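Single-letter residue listing:
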Amino acid sequence: MGEAVFMPGTGNGLDILEAEILKSRYLREGEEDWEDVCERVAKAIASTPEEYVEFLNLMVSKIFVPSSPTIMNAGTVSGQLSACFVIPVEDSIEEIFDSLKTAALIQKTGGGTGFNFSNIRPDGSPSVSGVGTASGPVALIRLFNEATEIVKQFGRRRGANMGILDISHDDVNPFIRAKREEGKLSNFNISVMVPDSFMRLVEQGNMDEIWNAKTGAKVGEIFSEIVEGIWRNGEPGILFYDRINRDNFTPALGDISATNPCGEEPLLPFESCNLGSINLSLIVEDGKVNWDSLRETAGKAVRFLDNEIDINVYPVPEIEEATGKTRKIGLGIMGFHDMLLKLGLPYDSTEALGLAEKIMEQVTYSAVRMSRKLAAEKGTFPEYENSIWELPIRNATLTAIAPTGTISILAGCSAGIEPVFSWVYRRARITGNEFMLVHPLFEAHFKPKLPESSYDRLLEHIYTRGTLQDITDPEIVDEEEKKLFRSALDIDWKTHIDIQAAFQRHCHAGISKTINMPQKARKDDIGKALVYAWMQGLKGLTIYRTESRQRVVLSLKSPV
Ligand code: CDP
């Protein structure tokens, strides 16, 4: 991989990236630009001319962008619009291969699949026929991983999976270790489903208590395996079962035991969910949050996402049925860090925490209002009577915060609720070359302020060191600027968790976020973070210790 070269004066690189993404993923035959894409999508989703204009404006302005499957497939022969699915896996050959087929059909259309493998009997137990022995959940995940590898060749984007195992399963330790070797199960994220009873034992330090009487595994042994895995390469993730099920709006339909690949949508078996995100960066006007604009956008977005449920082309009838019963949608936000930068607020500040909570409160409040209005117009979701909602509403759950990995690039804003990873980094082009990306709000702040040569030196500094916190010349970066321009690795893990918790307080479903830790973080820090996250009411979390994995999507001076 050749060294990237700085090209001062050639822009911040965002335009190159956006053009590549449009071309490789979203443009369909006869389409040339984003407006063309928006016209196709708005036309497919609107049910009246007024809605068409409304949806077109939302998308063209990029104040609201639906998730990738919707942009790729709306108005095409595929017609599959959802990003998130949960598929049950039962313990027989027929059912296993049925699940595998359903997953393949979903992934072909750009959707992601989550599975809880806990119904699969442990490795080495007798098979149903009595001949031979079962191979256990880990072997099955390998099979599903291989299937995704094959399906990749058919789709426009790499399929993603979430593999979940309950912490009470006999095979939980081999499961936790399943991704320890670099490159193993690369199409899967894995997560352990943990109940409050386990976390309580950890919190109280009862590490010697036997957790699984059959295997004899102690609380401390399993917890250490999890911590070790995270410390080594960021896996497994954790999902908090009781917290997730406290927000189960339709408990009569069963417990929730799985999520989609990035964790933002806990779903019942065979449910799917379509996502879309409000670009918070565009909600700031003249240095202030335009709350009316936020509320109005959230309402329109709910109408957009709710319409999708009725025109969606579902991969199998079971998914159509389960999704139709609850009509869940996932309205989220992106560009949170950009919003803070525009308001002059550091990511790690009390103001940012307060704002996070208020934003999500307003988004969810407006979403609920619109869903009630739609219920009056078109009816409630069919299982409304079986839900915990007390007033008629059209969607069992409305809000979730997705990673927005691709759509945030398209919208030109920071991803989801993540802090900016670095103000400067390099990115591989689809053609194989590389180019530099400079964060536009960083550029807008520093470029006019500094002489050209100092600005270029500042870029190089950040590119090599990953931070501007160690710059000593106040003429280049002063103390205020250091506070404002802290990026993901300058922010401590507690703040990462606090921000996630603030958003979670008013979010129906879940949140996708990475809790970054510095390379020097100790295993003890990871253990503490898991307990803290549980106590703060997160539904799950992913921790990533810098440079613990060789191949990472965003990197500073490492190959991408
Ligand atoms: O930005 P974009 O709409 O492309 O997607 P995202 O917000 O990064 O991811 C949203 C969801 O899409 C994930 O949680 C997965 O369920 C699914 N996904 C997938 O199946 N395959 C991918 N390569 C990326 C996302």
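So, here's what we can say about the structure.

What counts and what doesn't
- Residues numbered from 1 in each chain as written.
- Predicted model: local features only at pLDDT ≥ 70, side-chain atom pairs only at ≥ 80, totals over all residues.
- Heavy atoms only, no water.
- Patch = residues over 30% accessible without salt bridge, like charges linked within 9 Å, V, L, I, M, F, W, Y side chains within 5 Å.
- Areas by Shrake-Rupley, 256 points an atom, 1.4 Å probe, with all protein chains shown as cover.
- Salt bridge = Lys/Arg side-chain N within 4 Å of Asp/Glu carboxyl O.
- Lys, Arg positive; Asp, Glu negative; His and termini not counted.
- Charge placed at Lys NZ, Arg CZ, Asp CG, Glu CD.
- Helix = DSSP H or I, 4+ residues; strand = E, 2+ residues; numbered from the N terminus.
- Core = buried A, V, L, I, M, F, W, Y, C linked by side-chain atoms within 4.5 Å.
- Buried < 20%, exposed > 50% of the residue type's maximum accessible area, 1.4 Å probe, protein only.
- Contact = heavy atoms within 4.5 Å.
- 1 Å grid on protein atoms, 1.4 Å probe; cavity = no way out; pocket = protein on both sides within 12 Å on 5 of 7 lines; lining within 4 Å.
- Points joined across faces, edges and corners; volume = space filled by probe spheres on them.
- Nonpolar A, V, L, I, M, F, W, Y, C, P; charged D, E, K, R; others polar.
- Near = heavy atom within 4 Å.
- Polar contact = N/O pair within 3.5 Å; in protein donor to acceptor, adjacent residues only side chain to side chain.
- Domains from an automatic or database assignment.
- Axes fitted to C-alpha atoms, helices over the stretch in contact; angles between N-to-C directions.
- Parallel < 35°, antiparallel > 145°, perpendicular 65-115°, else oblique.
- Left-handed = near helix turned anticlockwise from the far one by under 90°.

1. Section: a negative patch on the surface
Logical step 1: The grouping of Glu90, Glu94, Glu95, Asp98 and Glu318 at the surface amounts to a negative patch.
Logical step 2: With three residues, helix H5 (residues 93–108) is the single largest residue contributor to the negative patch.
Logical step 3: Mapped onto the elements, Asp98 comes out in helix H5.

2. Focus: the nonpolar core
Logical step 1: In terms of nonpolar packing, the biggest core is built from 136 residues, with Phe336 and Phe503 touching the most fellow members.
Logical step 2: Of all the elements, helix H14 (residues 350–378) adds the most residues to this core, at 10 residues.
Logical step 3: If near-sequence neighbours (up to four positions away) are discounted, Phe503 is found in contact with Ile333, Phe336, Ala356, Ile359, Met360, Ile401, Ile417 and Ile511.
Logical step 4: Judged by nonpolar contacts, the second largest core, of 20 residues, contains Trp423, Val438, Leu468 and Leu484.

3. A look at empty space enclosed by the protein
Logical step 1: Enumeration over the complete set of coordinates arrives at two cavities of 30 Å³ or more.
Logical step 2: Taken as a whole, the largest cavity holds about 80 Å³ of empty space.
Logical step 3: Taken together, 13 residues make up the lining of the largest cavity; nearest its centre are Asp247, Ile256, Pro266, Lys328 and Thr397.
Logical step 4: For the lining of the largest cavity, the class distribution of residues is five nonpolar, four polar and four charged.
Logical step 5: Considering only enclosed or pocket space, the second largest cavity measures out at about 40 Å³ in volume.
Logical step 6: Taken together, Leu100, Ala103, Ala104, Gln107, Phe144, Ala147, Thr148, Val151 and Asn161 make up the full set of residues lining the second largest cavity.
Logical step 7: Looking at the lining of the second largest cavity, the elements with two or more residues in it are H5 and helix H6 (136–151).
Logical step 8: Along the lines of polarity and charge, the residues of the lining of the second largest cavity split into six nonpolar, three polar and no charged.

4. Some words on the site of the ligand
Logical step 1: Not every one of the 21 residues close to the ligand is listed here, only the nearest: Ser68, Asn260, Glu264, Thr404 and Gly405.
Logical step 2: Measuring from a nitrogen atom of the ligand, one finds a backbone N or O atom of Arg158 at 2.9 Å.
Logical step 3: In isolation the ligand exposes 520 Å². Once the protein is present, 91% of that is buried.
Logical step 4: Split into classes, the residues belonging to the shell around the ligand amount to eight nonpolar, nine polar and four charged.
Logical step 5: Mapping the shell around the ligand onto the domain boundaries places at least three of its residues in each of domain 1 (14–66 + 276–411) and domain 2 (84–259).

5. Things to note about the packing of helix H8 (residues 196–203) against helix H20 (residues 523–535)
Logical step 1: Running from N to C, H8 and H20 point in directions that differ by 130°, and their axes come no closer than 10 Å. Classified by the interaxial angle, the pair formed by H8 and H20 is oblique. For the crossing formed where H8 meets H20, the hand is left-handed. Facing H8, whose interface residues are Asp196, Met199, Arg200, Val202 and Glu203, H20 presents Leu530, Val531, Trp534 and Met535.

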